[in-house]
Amino acid sequence: MLRVSLKTLLGIALVVLSMADAYQSNAQTRYLPKANFQTYSQSSESNLPGAGGLHLTPGEDRPANQKSTSYAPGEPTLNGALVRWEAKKMPLKIWIAPGLKLPECPFSEIQETRVEQVYGMLKAPAADPFAGLQTAFSWTPDLNYIVANGIEQWRRFQNEGLVSFVFTEDPRNAQILIFYTDGFSDSSSPGGTHVAGITSAQVYPFDLAQQVNIAQKPVVIELLLDGNSERLQAQSAHEFGHALGIKAHSPYRDDLMYVDRIVPQLSPGDVATFRYLYKQKPQYVL
Ligand SMILES: [Zn+2]
């Protein structure tokens, strides 16, 4: 058998992903019926025709008799490959920061840096791995309950035996860590759009993960605080959907995993998609 060093194997296999979601600034929301999220995966932004502002995508509506049609949850940058957690890693442990924000980082570099940055902090011998971090300006303790409420949207699947998760007070014990931000630098576009959330993760080929014991790297979620708690709860639920493995966005505007709307709860289509994902053998694992 070809002997390849673990480092080489991981170097080959490691894939870093992140999904970013944006929304129009408040000023414009006033005359829009619903605050719009404009989502752009790390590649789509630069491909938008007519640079200089993001275009609101109307999104599709399902026919009345097909309300629970699922959509493709796979990772767009991996040809739609299915990504999910293995049962052996459950219950997933989630840590919500007490208002902490990660160091300022150009938006375009978040994907490449966040997971390793947070992993480095967790591995450092300090008693509190995040002692040096600042608190987001408009954070208040009640916001952590709003974020948790968003995450609880996915609890129904625990009852179905598909996924299980708990909240932990110890970030070193967590697989999914949630931080806040006052704003993502260099992320706004002339159209007045801002990024509202981003989820960064590393994934590994399923087959490789069966052969070697890979160190678990954290999934890092960052949520914008802009005083809109309704949007924060919906955004939290949306980003947690990415953290669970729904990597692509739904084309249907009524879905929580749609690109640019506040959708407060899972739709029948989101539910069908999640069940499909967790009943398939994945190509990649978190
Ligand atoms: Zn998204």
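Just so you know, these numbers come straight off a predicted model, no measurement behind them. (Residues numbered from 1 in each chain as written. Predicted model: local features only at pLDDT ≥ 70, side-chain atom pairs only at ≥ 80, totals over all residues. Heavy atoms only, no water.)

### Section: the pattern of salt bridges
Move 1: As enumerated under the stated definition, the model contains 11 salt bridges in all.
Move 2: Notably, a salt bridge pairs E152 with R155, separated by 2.7 Å at the nearest N-O pair.
Move 3: Between D226 and R231 there is a salt bridge, and its shortest N-O distance comes to 3.1 Å.
Move 4: Owing to a relative accessible area of 0%, R231 belongs among the buried residues under this scheme. (Salt bridge = Lys/Arg side-chain N within 4 Å of Asp/Glu carboxyl O. Buried < 20%, exposed > 50% of the residue type's maximum accessible area, 1.4 Å probe, protein only.)

### Some details on the side chain of N144
Move 1: Within the secondary structure, N144 is located in helix 5 (residues 142–151).
Move 2: The buried category is assigned to N144, whose relative accessible area is 15%.
Move 3: Looking at N144, its side chain comes within polar contact range of the side chain of Y180, at 2.5 Å.
Move 4: Apart from residues lying up to four places away in sequence, N144 is in contact with I96, A97, P98, W139 and Y180. (Helix = DSSP H or I, 4+ residues; strand = E, 2+ residues; numbered from the N terminus. Polar contact = N/O pair within 3.5 Å; in protein donor to acceptor, adjacent residues only side chain to side chain. Contact = heavy atoms within 4.5 Å.)

### Some words on the nonpolar core
Move 1: Of all hydrophobic cores here, the largest spans 47 residues; its most connected members are W85, W154, I176, F240, L244 and F274.
Move 2: Looking at this core, the elements with two or more residues in it are strand 4 (92–101), helix 5, strand 7 (176–181), strand 8 (193–205), strand 9 (219–224), helix 8 (229–244) and helix 9 (268–278).
Move 3: Ignoring any residue separated from it by four or fewer positions in sequence, one finds F240 in contact with I94, I151, W154, F165, I176 and I221.
Move 4: Within the second largest apolar cluster, 13 residues are counted, among which are L100, L102, V118 and M121. (Core = buried A, V, L, I, M, F, W, Y, C linked by side-chain atoms within 4.5 Å.)

### Regarding the pairing of strand 4
For a regular strand, side-chain orientation follows a simple rule: the groups alternate between the two sheet faces.
Move 1: Counting buried residues in strand 4 gives seven out of 10 residues, a clear majority hidden from the surface.
Move 2: Relative to strand 7, strand 4 is paired through four bridges, and the arrangement is parallel. In the strand pairing of strand 7, I94 is matched with I176.
Move 3: By the bridge criterion, two bridges tie strand 4 to strand 5 (residues 134–135) in an arrangement that is antiparallel. Bridge pairing in strand 5 links K101 to Q134. (Pairing = 2+ DSSP bridges.)

### Re the pairing of strand 7
Move 1: Most of strand 7 is tucked away, with six of its six residues classed as buried.
Move 2: Where burial is concerned, the two faces of strand 7 agree: the one with I176, I178 and Y180 and the one with L177, F179 and T181 are both buried.
Move 3: Here strand 7 runs beside strand 9; their pairing, made up of six bridges, is parallel. What sits directly across from Y180, in strand 9, is L223.

### What to know about the side chain of Q175
Move 1: Summarising the element assignment, Q175 is placed in the loop between strand 6 (165–167) and strand 7.
Move 2: Given a relative accessible area of 9%, Q175 falls into the buried group.
Move 3: A distance of 2.9 Å separates the side chain of Q175 from the backbone oxygen of K89, its partner in a polar contact.
Move 4: A distance of 2.6 Å separates a polar atom in the side chain of Q175 from the backbone nitrogen of K93.

### Considering the packing of helix 5 against helix 8
Move 1: Relative orientation of the contacting elements helix 5 and helix 8 amounts to 45 degrees, with a least axis distance of 7 Å. Taken together, the axes of helix 5 and helix 8 are oblique relative to one another. Considering how the two elements wind past one another, helix 5 and helix 8 form a crossing that is right-handed. Taking contact as the criterion, the partners of L143, I146, V147, N149, G150 and I151 in helix 5 are, on helix 8, S229, L232, Q233, S236, A237 and F240.
Move 2: Looking at the contact of helix 5 with helix 8 residue by residue, the classes come out as seven nonpolar, five polar and no charged. (Axes fitted to C-alpha atoms, helices over the stretch in contact; angles between N-to-C directions. Parallel < 35°, antiparallel > 145°, perpendicular 65-115°, else oblique. Left-handed = near helix turned anticlockwise from the far one by under 90°. Nonpolar A, V, L, I, M, F, W, Y, C, P; charged D, E, K, R; others polar.)

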